[in-house]
Amino acid sequence: MSDTTSNFASDTDILASAQQWREQGKGVAIATVVETWGSAPRPTGSNLVIDEDGNFLGSVSGGCVEGAVVTEALDVIQEGKPRLIEFGVADETAWKVGLSCGGTIRVYVEKLD
């Protein structure tokens, strides 16, 4: 699905990059939003692909979660074991940082073979 109104990469671009990196012999992981509660910047099914060098394309949060997901993905590439990670912000904390409400996302990270 292509979204021409935002700066997020399309699913086609994300998968093409994953394939290209694999063809170059690089380790690659893909992170997918599998669940959301409350306020979530990206919907379920959003993807982020990461190569062993830390290059990435796509988005699972549009914010600071991306860096943590990349770090987790690098570990997944090394270990070969998938992970389910959760990120959340309480309503009280969200208000303090300028968000209208909190939310939680779960992201599944797996190595592509």
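Because the structure is predicted, anything quoted here is derived from the model rather than measured.

### Remarks on the overall build of the protein
If you tally the helices and strands in the protein, you get three helices and five strands. Walking the protein from its N terminus toward its C terminus, one meets helices and strands in the order α-β-β-β-α-β-α-β. Taking all 113 residues of the protein together, the buried fraction comes to 36%. Across the protein, every contact between residues at least 6 apart in sequence was considered, and the portion connecting residues at least 24 apart equals 50%. Accessible surface, the protein as shown: approximately 6600 Å² in total, 49% of it carbon and sulfur.

### Description of the pattern of salt bridges
As enumerated under the stated definition, the model contains seven salt bridges in all. A salt bridge links Lys-26 to Asp-53, with the shortest nitrogen-to-oxygen separation between them at 3.3 Å. One end of the pair, Lys-26, is in the loop between helix H1 (11-23) and strand E1 (28-38); the other, Asp-53, is in the loop between strand E2 (47-51) and strand E3 (56-58), and 27 residues separate them in sequence. Note on Asp-53: relative accessible area 53%, which makes it exposed.

Cut-offs applied
- Residues numbered from 1 in each chain as written.
- Predicted model: local features only at pLDDT ≥ 70, side-chain atom pairs only at ≥ 80, totals over all residues.
- Heavy atoms only, no water.
- Helix = DSSP H or I, 4+ residues; strand = E, 2+ residues; numbered from the N terminus.
- Buried < 20%, exposed > 50% of the residue type's maximum accessible area, 1.4 Å probe, protein only.
- Contact = heavy atoms within 4.5 Å.
- Areas by Shrake-Rupley, 256 points an atom, 1.4 Å probe, with all protein chains shown as cover.
- Salt bridge = Lys/Arg side-chain N within 4 Å of Asp/Glu carboxyl O.

Coordinates in, geometry out; function isn't part of it.
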